[in-house]
Amino acid sequence: MLCLKVPTDSAWVDEALRDIDAVLADHAHCEMKAASNALSLAARHPGDATLVRALAELAREEIDHFERVLERLVERGVRLGPPPVDAYAAELRRAVHALPHTAGGGGPLGDAAPLVDRLLVGALIEARSCERFKLLSEATGGGASPDLSAFWAELMAAEARHYRTFVELAERAAAVAADGDRGPGDRRAVVHARLDCIARVEAQVVSALANASAGASRAAIHG
Ligand SMILES: [Fe+2]
Ligand SMILES: [Fe+2]
């Protein structure tokens, strides 16, 4: 799916389905964090109107998702607790931060490298969520909870769109930073080489978390 290097392990869906309330509660916090990450990235680049507009639009949609997930929790009589630790996102950000800027072999991105990386990490997080919403939608469709299945499918489609938005913003950030010798094809190639490299890191993070999950609840989109 999208750029992912490893599929989610088959045990995850079973464990998530065992506690849908926990998945929804965890995901409510994910939506809130996605909105606040988009706004904090926009706040770091206030002079870039195209970037700020795209991130503000993304944040608006994530807040809408948050409200709708919260509504489902209220309907189910579940009170939203404090945000859980998101080991997946934290470890992915840490591992990517530790990568040399030239890893991936695409070439130098200069001052744009931190922004490109942050956008590509955002793309990977959206891609993994997209994959897992697809699994949940398929597992809950055709019977017991068609309404929930349709909700997962809608979130899956939104995450696929957000993945593309982040990749396009990364391509644009690289283009703005590129020297005059490079054409648009070269700049895309640099960003996609870096995306490939970060996707390999994401695969290691997701596999390590799955291996370390013995006894821990995995009823979360990043579980
Ligand atoms: Fe969302
Ligand atoms: Fe999203």
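Report follows, based on the coordinates.

About the criteria used
- Residues numbered from 1 in each chain as written.
- Chains lettered and ligands numbered in written order.
- Predicted model: local features only at pLDDT ≥ 70, side-chain atom pairs only at ≥ 80, totals over all residues.
- Heavy atoms only, no water.
- Helix = DSSP H or I, 4+ residues; strand = E, 2+ residues; numbered from the N terminus.
- Rg over C-alpha atoms; globule rule 2.2 N^0.38 Å.
- Buried < 20%, exposed > 50% of the residue type's maximum accessible area, 1.4 Å probe, protein only.
- Areas by Shrake-Rupley, 256 points an atom, 1.4 Å probe, with all protein chains shown as cover.
- Lys, Arg positive; Asp, Glu negative; His and termini not counted.
- Charge placed at Lys NZ, Arg CZ, Asp CG, Glu CD.
- Donors = N, O, S within 2.8 Å, 3.2 Å for Na, K, Ca; no water.
- Tetrahedral: all angles 85-135°; square planar, octahedral: opposite > 155°, others 65-115°.
- Expected span 1.5 Å × (residues − 1).
- Contact = heavy atoms within 4.5 Å.
- Axes fitted to C-alpha atoms, helices over the stretch in contact; angles between N-to-C directions.
- Parallel < 35°, antiparallel > 145°, perpendicular 65-115°, else oblique.
- Left-handed = near helix turned anticlockwise from the far one by under 90°.
- Salt bridge = Lys/Arg side-chain N within 4 Å of Asp/Glu carboxyl O.

## Side note on the overall build of the protein chain
Across its full length, the protein chain carries 7 helices and 0 strands. Start at the N end of the protein chain and walk to the C end: the helices and strands fall as α-α-α-α-α-α-α. Scaling as 2.2 N^0.38, a compact globule of 223 residues should have a C-alpha radius of gyration of about 17 Å, and the protein chain matches this with 18 Å. Along the first, second and third principal axes, the C-alpha atoms of the protein chain reach 60 × 35 × 30 Å. Residues counted as buried form 44% of the 223 residues belonging to the protein chain. Summing over all exposed atoms, the protein chain offers an accessible surface of approximately 10700 Å²; the carbon and sulfur share of this is 55%. Computing the positive centroid from 25 side-chain charges and the negative centroid from 32, the protein chain places the two 3 Å apart.

## Examining the coordination of the iron ion (ligand 1)
Only E31 (OE), E31 (OE), E62 (OE) and H65 (ND1) from the protein coordinate the iron ion (ligand 1), and they sit 2.0 to 2.8 Å from it. If you look at the iron ion (ligand 1), its 4 donor atoms make angles of 50 to 135° with each other, and the shape they trace is irregular. Sequence spacing of the donors to the iron ion (ligand 1): E-x30-E-x2-H. Taken as a pair, the iron ion (ligand 1) and the iron ion (ligand 2) show a spacing of 3.5 Å, with E62 coordinating each metal. On the criterion of sequence distance, the pair formed by E31 in helix α2 (residues 20-44) and H65 in helix α3 (residues 49-75) is long-range, its members being 34 residues apart. In this structure, E31 and H65 share a single accessibility class: buried.

## Focus on the coordination of the iron ion (ligand 2)
Protein-derived ligands of the iron ion (ligand 2) are E62 (OE), E126 (OE), E126 (OE), E159 (OE) and H162 (ND1), with the metal-ligand distances lying across 2.2 to 2.6 Å. Donor residues for the iron ion (ligand 2), ordered by position in the chain, follow E-x63-E-x32-E-x2-H. Judged by its relative accessible area of 4%, E159 falls in the buried class.

## Regarding α3
Given a rise of 1.5 Å per residue, 27 residues ought to cover 39 Å, and the 39 Å separating the end C-alpha atoms of α3 matches this to within 8%. All of the buried residues along α3 are L51, L55, L58, A59, E62, H65, F66, V69, R72 and L73. In this structure, the buried residues of α3 make contact with α2, α5 (113-140) and α6 (146-177). Looking one or two residues past α3, G77 carries a phi angle of roughly 75°, positive in sign.

## Some points on the packing of α2 against α3
The geometry of α2 relative to α3 is characterised by a closest axis approach of 8 Å and an angle of 160° between their N-to-C directions. It follows that α2 is roughly antiparallel to α3 by the angle criterion. Judged by the twist between their axes, the crossing of α2 over α3 is left-handed.

## Some points on the pattern of salt bridges
Scanning all chains against the criterion turns up 16 salt bridges. Two residues, R72 and D147, come together in a salt bridge whose shortest N-O distance is 3.1 Å. Of this pair, R72 sits in helix α3 while D147 sits in helix α6, and the two are 75 residues apart along the sequence. By relative accessible area, R72 is classed as buried at 15%. E131 is paired through a salt bridge with R128; the nearest N and O atoms lie 2.9 Å apart. In this pair, E131 and R128 are both assigned in helix α5, 3 residues apart and thus about one turn of the helix distant. Of the two residues, E131 and R128, both sit in the buried class.

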